[in-house]
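Each chain, written out:
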Amino acid sequence: MRTIDYYYSTRSNYTYLGAARLNALAKKYGFKIVHRPIILSKTMPAIGGLPFDERPTMLRNYAMNDALRWARYLDIPLQREPIHHDGPVELPSGIVIAAQRAKERGENGDLDLLSLKVVEALWRDDRDIADQQVITELCEAADFSNLQSLVNEALSPAVQAELDRNCREAVMRGVIGAPTYFVNGENFYGQDRLDFVERALSEHIQPE
């Protein structure tokens, strides 16, 4: 199956704004999303950039206002400053990796839906996505089973090592921010590039 390599931060509002549409495009054109969560505080310095909380106040304010404009345009609810915006990434990123591994083992569950629900929980509902109970509920809502085992796997050394590898690979592949989508090796940065992502998808397979 053809794939979309999807590099993103589970704490990125722009990732949230594009997540549902990416899922819809993958389904429409018959592509599998390969989820590669990253940690922006690790990838940005490596390419000469700054993590969001270290950028000048003027730039941070503009970026947030722009996200709110996009949210209105897309008719997607978005909180400007959720209380739980800052926090650990190990669990929310690790759960996506663990769920992807579970799917590879043949277990049930909707991986793309879970990834969407994680970012929705933060940016739409202002829930603490570093809380195990919250993550367990999201996994259950995405039809995964063995919930506690999945959470334990998310925090395991093997999954956290994969998260670190994703960061290194992102730098090597030229990922300059989140979300970034690769279609047939071509890099598309930003949810505002999903029109171009769709064009790339449509060039290789016709919709059903």
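Residues numbered from 1 in each chain as written. Predicted model: local features only at pLDDT ≥ 70, side-chain atom pairs only at ≥ 80, totals over all residues. Heavy atoms only, no water.

## As for the nonpolar core
Core analysis: the biggest nonpolar cluster contains 61 residues, and Ile 95, Leu 114, Ile 135 and Phe 144 have the highest contact counts within it. Excluding its chain neighbours within four sequence positions, the residues that come into contact with Ile 95 are Leu 114, Val 118, Ile 135, Cys 139, Leu 150, Val 151 and Ala 154. (Core = buried A, V, L, I, M, F, W, Y, C linked by side-chain atoms within 4.5 Å. Buried < 20%, exposed > 50% of the residue type's maximum accessible area, 1.4 Å probe, protein only. Contact = heavy atoms within 4.5 Å.)

## As for the UniProt feature "active site" (unreviewed entry) in the protein
Per the UniProt entry, the sites bearing "active site" (unreviewed entry) are Ser 12 in this numbering. Taking relative accessible area as the criterion, Ser 12 reaches 7% and is therefore assigned buried. Among all residues touching Ser 12, those that are not within four sequence positions of it are Trp 123 and Ala 178. A polar side-chain atom of Ser 12 sits 3.3 Å from the main-chain amide nitrogen of Tyr 14. (UniProt positions renumbered as here; feature names shortened; annotations may be inferred. Polar contact = N/O pair within 3.5 Å; in protein donor to acceptor, adjacent residues only side chain to side chain.)

## Regarding the packing of helix α6 (residues 132–141) against helix α7 (residues 147–154)
To characterise two packed helices, one gives the angle between the axes of the helices and the distance between these axes. The N-to-C vectors of α6 and α7 enclose an angle of 120°; their axes lie 10 Å apart at closest approach. The angle between α6 and α7 falls in the class oblique. Of the two possible hands of crossing, α6 and α7 adopt the one that is right-handed. Between α6 and α7, the contacting residues are Gln 132, Ile 135, Thr 136, Cys 139 and Glu 140 on the first element and Leu 147, Gln 148, Leu 150 and Val 151 on the second. Classifying every residue of the contact of α6 with α7 gives five nonpolar, three polar and one charged. (Axes fitted to C-alpha atoms, helices over the stretch in contact; angles between N-to-C directions. Helix = DSSP H or I, 4+ residues; strand = E, 2+ residues; numbered from the N terminus. Parallel < 35°, antiparallel > 145°, perpendicular 65-115°, else oblique. Left-handed = near helix turned anticlockwise from the far one by under 90°. Nonpolar A, V, L, I, M, F, W, Y, C, P; charged D, E, K, R; others polar.)

## Points about the pattern of salt bridges
With the rule as written, the count across this model stands at 15 salt bridges. Here Arg 173 ties to Asp 5 by a salt bridge, and the two come within 2.7 Å at their closest N and O atoms. Taken together, the residues Arg 173 in the loop between α8 (157–172) and β3 (180–183) and Asp 5 in strand β1 (residues 3–8) connect sequence positions 168 residues apart. With relative accessibility at 33%, the residue Arg 173 sits in the partly exposed group. For Asp 5, a relative accessible area of 12% puts it in the buried group. (Salt bridge = Lys/Arg side-chain N within 4 Å of Asp/Glu carboxyl O.)

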